[in-house]
Amino acid sequence: MNQPLDENNETIAHRVCPLCEACCGLELRVSNGKVTSIRGHEADVFSRGYLCPKGVALKDLHEDPDRLRTPLIKRDGRFVAASWDEAFDEIERRLMPLLNEHGRDAAAVVLGNPTVHKMGVGLYGPRFLKALGSKQVYSASTLDQMPKQLSSGLMFGHWLSIPVPDIERCDFLLVLGANPVASNGSLWTVPDFRGKAKQMRARGGRIVVVDPRRTETAEVADRHLFIRPGSDVFLLLGMVHTLFDEGLVKLGRLAPHVAGVEEVQQAVVGYTPERMAARCGIDAQEMRELARALAGAERAAVYGRLGTCTQEFGSLSSWLVDVLNVLTGHLDEPGGAMFPKAAAFAVNTAGRPGSGRGVITGRHKSRVSGAPEVFGEFPTTCLAEEIETPGPGQVKALVTIGSNPVLSAPNGPRLAAALDQLDFMLSVDIYLNETTRHADVILPGLSALEEAHYDVAFPQLSYRNHARYSPAVFAPPAGAWPEWRALTRLTGIVMGLGARADVDALDDQLTLEQLRRSAGEHAEAMFEAVSAVASRGPERLLDLALRSGPYGDGFGARPDGLSLAKLKQAPDGIDLGPLAPRIPEVLRTPSGRIELAPPSLLADLPRVAADLERPVPDLVIVGRRQVRSNNSWMHNLPTLAKGPVRCTVLVHPHDAQRLGLRDGATARIAGRSGRSVEAPVQVSDEMMPGVVSLPHGWGHDLPGSQLSVAALRPGANLNALLDDGVRDPLSGNAVLGGVPVTLSALA
Ligand SMILES: Nc1nc2c(c(=O)[nH]1)N[C@H]1C(S)=C(S)[C@@H](COP(=O)(O)OP(=O)(O)OC[C@H]3O[C@@H](n4cnc5c(=O)[nH]c(N)nc54)[C@H](O)[C@@H]3O)O[C@H]1N2
Ligand SMILES: Nc1nc2c(c(=O)[nH]1)N[C@H]1C(S)=C(S)[C@@H](COP(=O)(O)OP(=O)(O)OC[C@H]3O[C@@H](n4cnc5c(=O)[nH]c(N)nc54)[C@H](O)[C@@H]3O)O[C@H]1N2
Ligand code: SF4
Ligand SMILES: [Mo]
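Summarised in this report is the structure supplied together with it. Quantities reported herein were computed from a predicted structural model and do not represent experimental measurements.

Next up on the list: the packing of helix H9 (residues 232-245) against helix H12 (residues 284-296). It is the contact of H9 with H12, at a shortest axis distance of 8 Å, that shows an interaxial angle of 60°. Regarding the angle of H9 to H12, the classification is oblique. Along this stretch, H9 crosses H12, giving a crossing that reads as right-handed. Every residue of H12 that contacts H9 at Phe234, Leu235, Gly238, Met239, Thr242, Leu243 and Asp245 is listed here: Met287, Arg288, Leu290, Ala291, Leu294 and Ala295. In the contact of H9 with H12, the residues fall into 9 nonpolar, 2 polar and 2 charged.

Listed below in structure tokens is the structure:
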């Protein structure tokens, strides 16, 4: 794939960026085994040359001397380098007796954000979980998007059937609680949102942003409305009310496919815009006009993201976003909110089209708080108590895979203390950081540039259908293990096969078993066919998924269809066209219809009414994403770390004045728990009065980490302030915004 360019032996390689959901195609120049430059891949069919500064920092990540390259074992409180065999022996020796004595639920697993950005981890992590058989599964999803997954699951029948705006054809886009200009999008894979927003406005489209901060995205929109954090549900209910009140409901083509319209109408009767206005800070007239604009636009979409999820009414808000899309006739219509159709791995392209089992929650409850299981997980904010609380079922061992909950989950200090009580902890991670320093064994992964890649999740959320494969840019160092192999060996260990089971044989066995479940009698033939052309591991699973997917060659049935071999011949990727209507085929609800009024959501509405009576806190905090940062783990890369101090608390001038805070001074920010952090003040009228903002993922001053660059400017850990006791009850999602704080000037 790499073509030599000149006498310097410079070659060009292409790689989809693994750092965020935008999935930009990158063009790397490589000379003598080193990256010499990284830029956007202009011919990439999907991202068209776009990239952000983090993409460039992939070079720093690849070369970072702090990035782990060998397994580490903690001996007498210190990490020492170990061979892979030694590390697996240690894991078997320490983990298996715990499982044998206390049962499978004695081991918990936490999956972090990067696990969805590496094909091998995304595909082999689930295998390990299945073999482990523990109910103690946690992930970044309950710090992030679980409300949207739940509302989508209840409405459309699968956790990942999430509609995304068809921005290239949209005339009116309402964005709530998302800042894609900085974050580059989430649950919506849309590289170069800024450029697409510009194009949209150039053809007469309008964008309205609802956010307690006038964000970078608000700056490229036509209109920005401040909203009090945590109160989207009031705005959205007011808008839904208006649609019924003013006769604006128009289901269009979807009419025969929607159940529950009358129930929704009944449910919103009391929620007039006039009653909602004071609570959310958006006036009633404004609310009515937003509803009219949405209903009146030919092609429109409502998109809500992180800010609408990480709050007490996350599931209700996420649901109401799509209720608006459905009631205004914009769901599943070109230019509206549409369902992507991925080439591989999408559950909503498999099985019988049009109906299915739907989703259920609460098949079991967490031991201490009784939180319902959602999508096979418990809320990450329940992890510390499950470790701390003695009794049958207590968590004694923990496996973290690409996750840093000590910084990324509320009440990190409590979790850090709990990790020290574990009998055994294993981390599969590329850094020795705030979380992995607590581990007994750390298994590193490869650099992303040393592995081939195909995005397993994000084509299911993309603004346009496409398929792209990236070969490895560099061969991995001799003896290094990719995570999928390490996870396979771990799978063997928890299956009782010992620490030296043959990884290749086990991969063959598990792949064939998986195939028998999905393809029945055809399994053997399919297995033979892909094994002849694709290497073991994730590439083989990819070939299987592509060929049996909706655009696939069907193993010969459709010779023009996709296969891995065909994709490998398309270094710019393959465009599969604009999003196309998919209802009813995409639905997997038992009724075969869109469930507009899921009973569990309606039953949660009384909480909203009760909340209307509560006093509004004087000062609350929200988070903030910044282009040169990525959650908790990219502050060690010199190209991103340089420049101004970014971990600042933004304060509105009025609040600064009344609290006696000067720009540049240090403020103590205290939560209700009494825990506090300190950060430099940045006075800015981009904040809504009564709301301050601090980015998350900082706080790199904890002892025992090996992050030499990040430690120079550690920043303050927002999550040290936040409480782990507040959740959206239906999804279990943590509340990360709208949390009451006090601010005071430090002498
Ligand atoms: N207050 C507040 N808290 C938040 C948020 C917020 O907005 N506000 N956002 C939340 C959100 S949306 C998310 S997704 C979570 C993220 O929560 P986490 O996933 O726990 O956090 P990350 O910072 O992404 O940490 C990633 C971990 O993966 C490791 N890693 C990086 N690359 C690789 C790799 O290739 N292989 C392996 N094995 N490991 C790797 C890193 O070293 C790090 O330990 O944080 C949440 N926390
Ligand atoms: N540069 C960079 N990019 C990233 C990340 C990163 O850390 N840095 N993280 C990645 C991850 S894991 C994710 S999940 C995505 C998230 O991507 P987005 O969903 O775009 O999330 P944010 O950029 O945090 O934007 C959330 C917005 O919600 C606002 N907000 C807070 N509370 C409320 C509220 O109650 N209501 C409303 N309406 N708004 C509110 C905040 O002010 C903020 O502007 O970003 C991804 N991309
Ligand atoms: S926006 Fe930046 S971090 Fe995200 S995929 Fe593109 S280059 Fe990578
Ligand atoms: Mo996230």
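The next subject is the site of ligand 1. Residues in close proximity to ligand 1 total 28 residues, the closest being Asn113, Ser408, Asp429, Glu483 and Ser632. One of the side-chain N or O atoms of arginine 625 is found 3.1 Å from an oxygen atom in ligand 1. In the model, an oxygen atom of ligand 1 is placed 2.5 Å from a nitrogen or oxygen of the serine 632 side chain. Against a free-state accessible area of 910 Å², the protein chains account for coverage of 96% of ligand 1. Mapped onto the shell around ligand 1, the elements with two or more residues apiece are helix H16 (405-408) and helix H27 (718-721). Taken together, the residues that form the shell around ligand 1 break down as 12 nonpolar, 11 polar and 5 charged. In terms of domain composition, the shell around ligand 1 takes at least three residues from each of domain 2 (67-134 + 379-453 + 469-498) and domain 5 (617-745).

Before going further, it helps to spend a moment on the environment of glutamine 136. Here glutamine 136 shows up in the loop between helix H4 (119-132) and strand E8 (137-139). In sequence terms glutamine 136 and glutamine 421 are 285 residues apart; their C-alpha atoms lie 17 Å from each other. When near neighbours in sequence (up to four residues on either side) are disregarded, glutamine 136 contacts Asp105, Ala107, Ala108, Val109, Phe378, Glu386, Gly393 and Val395. A polar side-chain atom of glutamine 136 sits 2.4 Å from a polar atom in the side chain of tyrosine 138.

Below, the discussion takes up the packing of aromatic side chains. For the structure shown, the criterion picks out 12 aromatic pairs. Ring plane angle 80° and centroid distance 5.8 Å describe the contact between tryptophan 188 and phenylalanine 193, whose orientation is recorded as edge-to-face. For tryptophan 188, a relative accessible area of 0% corresponds to the buried category. Between phenylalanine 234 and phenylalanine 313, the ring centres sit 6.2 Å apart and the planes meet at 80°, which makes this aromatic pair edge-to-face. On the criterion of sequence distance, the pair formed by phenylalanine 234 in helix H9 and phenylalanine 313 in the loop between helix H13 (306-309) and helix H14 (314-327) is long-range, its members being 79 residues apart. In this pair, the class of phenylalanine 234 matches that of phenylalanine 313, namely buried. A connected cluster of aromatic rings, assembled from ring pairs, spans Trp84, Phe88 and Trp481. Here lysine 196 stacks its cationic end above the ring of tyrosine 463, 4.5 Å away from the centre of that ring. Geometry around tryptophan 481 places arginine 485 over its ring, the cationic atom sitting 5.9 Å from the centre.

This brings us to the pairing of strand E14 (residues 300-304). A regular strand carries its side chains on alternate faces of the sheet. With 5 of its 5 residues buried, E14 lies for the most part within the structure. Alternating residues of E14 divide into Ala300, Val302 and Gly304 and Ala301 and Tyr303, and every residue in both groups is buried. One ladder, built from 5 bridges, connects strand E10 (residues 172-176) with E14; its direction is parallel. Across the sheet, the residue bridging to leucine 174 is valine 302, located in E14.

We now examine the sheet that holds strand E17 (residues 424-428). Spatially, the 7 strands line up as an open sheet ordered E6-E5-E18-E17-E16-E7-E8, and their pairing is mixed. Here the strands that pair on one side only, and so sit at the sheet edges, are strand E6 (78-81) and E8. On average, each strand axis in the sheet is inclined to that of its neighbour by 20°, with strand direction left out of account. Examined bridge by bridge, strand E5 (residues 72-75) and strand E18 (residues 441-443) share 2 bridges and lie antiparallel to one another. Pairing of leucine 72 across the sheet is with isoleucine 442, part of E18. This element, helix H3 (residues 84-102), spans E5, strand E7 (107-111), strand E16 (397-401), E17 and E18 of the sheet and lies at about 125° to E18.

How each quantity is defined
- Residues numbered from 1 in each chain as written.
- Chains lettered and ligands numbered in written order.
- Predicted model: local features only at pLDDT ≥ 70, side-chain atom pairs only at ≥ 80, totals over all residues.
- Heavy atoms only, no water.
- Axes fitted to C-alpha atoms, helices over the stretch in contact; angles between N-to-C directions.
- Helix = DSSP H or I, 4+ residues; strand = E, 2+ residues; numbered from the N terminus.
- Parallel < 35°, antiparallel > 145°, perpendicular 65-115°, else oblique.
- Left-handed = near helix turned anticlockwise from the far one by under 90°.
- Contact = heavy atoms within 4.5 Å.
- Nonpolar A, V, L, I, M, F, W, Y, C, P; charged D, E, K, R; others polar.
- Near = heavy atom within 4 Å.
- Polar contact = N/O pair within 3.5 Å; in protein donor to acceptor, adjacent residues only side chain to side chain.
- Areas by Shrake-Rupley, 256 points an atom, 1.4 Å probe, with all protein chains shown as cover.
- Domains from an automatic or database assignment.
- Phe/Tyr/Trp six-rings, centres within 6.5 Å; stacked < 30°, edge-to-face > 60°.
- Buried < 20%, exposed > 50% of the residue type's maximum accessible area, 1.4 Å probe, protein only.
- Lys NZ or Arg CZ within 6 Å of the ring centre and 35° of its normal.
- Pairing = 2+ DSSP bridges.

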